[in-house]
Structures are given as structure tokens and as C-alpha cells.
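# Notes for the structure review
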Amino acid sequence: MFNIAQMKRVVKLLLIIISPYIIIVVGLYLAQQRIIFLPSQLPVDYEYKFNQPFEELFITAQDGAVLNALHFKTNDSKGVVLYFHGNSGDLSDWGHIASTFINEGYDVLMMDYRGYGKSTGELREADLYSDAILLYEEAKKRFDETNITVYGRSLGATFATYVASKNSPNKLVLETPVYNLTDIVKTKYWFLPVDLLLRFKFPSSEFISGVTCPVTVIHGTDDNVVPYKSGVKLYEAVKSEKKELVNVQGGGHNNLSEFGEYIQATERIFYHLNIL
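Below or above, wherever it landed, is the structure these notes cover.

Rules used throughout
Residues numbered from 1 in each chain as written. Predicted model: local features only at pLDDT ≥ 70, side-chain atom pairs only at ≥ 80, totals over all residues. Heavy atoms only, no water. Helix = DSSP H or I, 4+ residues; strand = E, 2+ residues; numbered from the N terminus. Buried < 20%, exposed > 50% of the residue type's maximum accessible area, 1.4 Å probe, protein only. Contact = heavy atoms within 4.5 Å. Areas by Shrake-Rupley, 256 points an atom, 1.4 Å probe, with all protein chains shown as cover. Lys, Arg positive; Asp, Glu negative; His and termini not counted. Charge placed at Lys NZ, Arg CZ, Asp CG, Glu CD. Salt bridge = Lys/Arg side-chain N within 4 Å of Asp/Glu carboxyl O. 1 Å grid on protein atoms, 1.4 Å probe; cavity = no way out; pocket = protein on both sides within 12 Å on 5 of 7 lines; lining within 4 Å. Points joined across faces, edges and corners; volume = space filled by probe spheres on them. Nonpolar A, V, L, I, M, F, W, Y, C, P; charged D, E, K, R; others polar. Pairing = 2+ DSSP bridges. Axes fitted to C-alpha atoms, helices over the stretch in contact; angles between N-to-C directions. Right-handed = clockwise from strand over helix to strand, strands pointing away. Arc of directions from axis to C-beta. Core = buried A, V, L, I, M, F, W, Y, C linked by side-chain atoms within 4.5 Å. Left-handed = near helix turned anticlockwise from the far one by under 90°.

### What about the overall build of the chain?
- For the chain, the count of helices and strands is ten helices and ten strands.
- Taken along its principal axes, the extent of the C-alpha atoms in the chain is 85 × 40 × 30 Å.
- For the chain, with 276 residues in total, the buried portion stands at 50%.
- The contacts in the chain between residues at least 6 apart in sequence include a share of 71% that link residues at least 24 apart.
- Only carbon and sulfur atoms are counted for the fraction: they give 55% of the accessible area of the chain, which is about 13,600 Å².
- Computed over 26 positive and 31 negative side-chain charges, the inter-centroid distance for the chain is 10 Å.

Encoded structure:
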């Protein structure tokens, strides 16, 4: 049997071994919001400057948070692209993407999430979904649902999927989407109690089952941020009869627009050539 001195040495050894693990777990739990969300802020009086005509909107959420949005406009619009951007930056950066759709005759409506740009409010997952619905409602004030395309990029794909699952847009486009955050984190940090650790889940895999409109998933095979297999798994979970998976060979996370597969896919979707 161990004597008291030996027991103390064993306990001390265990603490030395376990302490780094505990520090990692606690550190990741506390820092996860700063890891997931990478916002930049803008002063309220900041003036956006874009080549396309636009209207700046402020939408008030139920809890009092104010969401800043931009509505880019074109003449004789074919419809609107409801665009949910990625996890970094703000509308002063993301707004330039609107030209891709504006040039082909579509309006674009996009917003900054809570804590991004001019938007206010705390980053709570449930509220982010509610905010996404508010943006969709704003789109419905201006367009019939048959003319609304919901587009989500990276983290924004989860909000886009949620919105499409609760409504009936014309189509849903998901660029580099997350199957769900838990799945990705478990792959990278298999040794951590991920289910207990994560406060944000982003379960696109659950929302996708409620989507009935045509769905296109676009993913680069060399994406080192959101693994390619994450997009494939989400595509496989799509219940809609009309769905398409666009594999961008060699594409990463932030450069898909440089590849022919991406360009051809957007032509099919937005130029109405061989549309789903």
C-alpha cells in the first residue's frame, strides 16, 4: 500500500500531467467567442462608399439591438440576393461583393451581425438566428419570395440555411458552408470534451432538413478553414429534390471566385442558364 508521502507524490504527478489539459479546456471555453467571431467596428457616422447605388438601413431587434444593413439597388431588378457574410470584417469590406450580383441585374441586401460594423447587441446564437429572420422579413417588404435568393458564405451559411428552412425563397446558395461547428471542432480537437465546451453550435446539419427550395453547395477541395468534407456532408443532408454540389478543384476558403467552376456555377444560378 502507498504511504502518505507516496500518495502526495502521486497526486502531485497527476496534477502536473492534468493541469495543462485543464488550462487548455478552460482557455478555449473562455476564448471561443473571440476565436469564432472576428468583427471590426465602425463609428455610427461612418459613410459607406461604393460604386453601386445603395440605401443604408437600421433594423431594431426585439431586445433593442440595432442591426446595420445595406440594400444595393439596380434598375429593372430580377430579384434580390439576401447575403450573409463570413465571420470577419464588416460591411465596408463585404459590400464590394454586391457588384457580382448587381452587374447581373440583382439587388443585394446584407447586414452586419451584432458587434460587427455599426451593429450593436451581444453575440448570442439564438439572437443571431432571429436577426437573420428580421433581414429576410425586410427583403419580403421589397420583393416577393419567389424572387429572393438566400446566399450564405462560411459562417453565414448557417444563418442562410436557417432562414431558408423557415421560409420559401427561390433558392439557397451555400459557399464553403459548415456542416456544424461541433463536427469540425471534434475533428481538430478530438481530445477535448467538445459537446460540453462549445457555447456556439451552428447546426446547419439540422436546419438543412427543413429546406425545400433548390440548394447549391459550393466548396473548394483545398479549403483549410472549413474542410471540404464539411460541405459535402451538408450537401448529402439536403432533402430538396433539386440540389447541386459544385466542387472547386484546388479552391481554398477565400479565393473561389478565381476558379472556373465557381464562375460557371454562378452563371447557372444567377444568369438563368440551365438553372436548377
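Still more to cover.
### What to know about the environment of A160
- Note that A160 resides in helix α5 (residues 156-166).
- C-alpha separation for the pair A160 and S204, spaced 44 residues apart in sequence, amounts to 9.0 Å.

### Regarding the pattern of salt bridges
- For the coordinates displayed, the defined rule picks out 16 salt bridges.
- The partner of K141 in a salt bridge is E138, and the shortest N-O contact between them spans 3.4 Å. One end of the pair is K141 and the other is E138, both in helix α4 (residues 125-142) and three residues apart, which spans about a single turn.
- Here K186 makes a salt bridge to D195, at a shortest N to O gap of 3.1 Å.
- A relative accessible area of 38% places K186 in the partly exposed class.
- Via salt bridges that share partners, D63, R114, E122, R124, D127 and D131 belong to a single interconnected network.

### Quick look at the layout of surface pockets
- Taken as a whole, the largest pocket encloses approximately 650 Å³ of empty space.
- Around the largest pocket, the lining comprises 28 residues; the ones closest to its centre are I35, I36, L181, V185 and K188.
- Looking at the lining of the largest pocket, the elements with two or more residues in it are α1 (4-36) and α6 (181-188).
- A per-class count over the lining of the largest pocket returns 18 nonpolar, eight polar and two charged.
- Considering only enclosed or pocket space, the second largest pocket measures out at about 200 Å³ in volume.
- Lining the second largest pocket are 13 residues, and of these I97, R153, E175, S257 and Y262 sit closest to its centre.
- Mapped onto the lining of the second largest pocket, the elements with two or more residues apiece are α3 (98-102) and β7 (148-153).
- Taken together, the residues of the lining of the second largest pocket sort by class into six nonpolar, five polar and two charged.

### A few points about the sheet that holds strand β8 (residues 171-175)
- The strand order across the open sheet formed by eight strands is β2-β3-β6-β4-β7-β8-β9-β10, and the pairing between neighbours is mixed. A single partner strand is all that each edge strand has here, and the edge strands are β2 (54-60) and β10 (243-248). Sheet twist, expressed as the mean angle between neighbouring strand axes with direction ignored, is 20 degrees.
- The sheet contacts of α5 involve β4 (79-84), β7 and β8, and relative to β7 the element is tilted by about 150 degrees.

### Details of the pairing of β8
- Among the five residues of β8, five are classified as buried, and the element is accordingly described as predominantly covered.
- Along β8, one buried face is formed by K171, V173 and E175 and the opposite face, lined by L172 and L174, is buried too.
- Here five bridges tie β7 to β8, and the two strands are oriented parallel to one another. When the sheet's bridge partners are listed, Y151 is paired in β8 with V173.
- Traced from β7 through α5 to β8, the parallel crossover comes out right-handed.
- One ladder, built from four bridges, connects β8 with strand β9 (residues 215-220); its direction is parallel.

### A word on α6
- Turning to α6, its buried residues are L181, T182, I184 and V185. Around the axis of α6, the buried residues are gathered within 165 degrees of arc, so they sit on the same side.

### Regarding the nonpolar core
- Core analysis: the biggest nonpolar cluster contains 51 residues, and L82, F84, L172 and F202 have the highest contact counts within it.
- Once you skip the residues sitting within four places of it in the chain, L82 turns out to touch L109, L135, Y136, A139, I148, T149, V150, Y151 and V163.
- Ranked by size, the runner-up nonpolar core spans 26 residues in total, among them L70, A98, V173 and I218.

### Description of the packing of α4 against α5
- Two elements in contact, α4 and α5, have axes separated by 9 Å at closest approach and are oriented at 60 degrees. Crossing of α4 over α5 shows right-handed handedness. Of α5, the residues touching α4 (which contributes L128, Y129, A132, I133 and Y136) are T158, F159, Y162, V163 and K166.
- Class assignment for the residues of the contact of α4 with α5 results in eight nonpolar, one polar and one charged.

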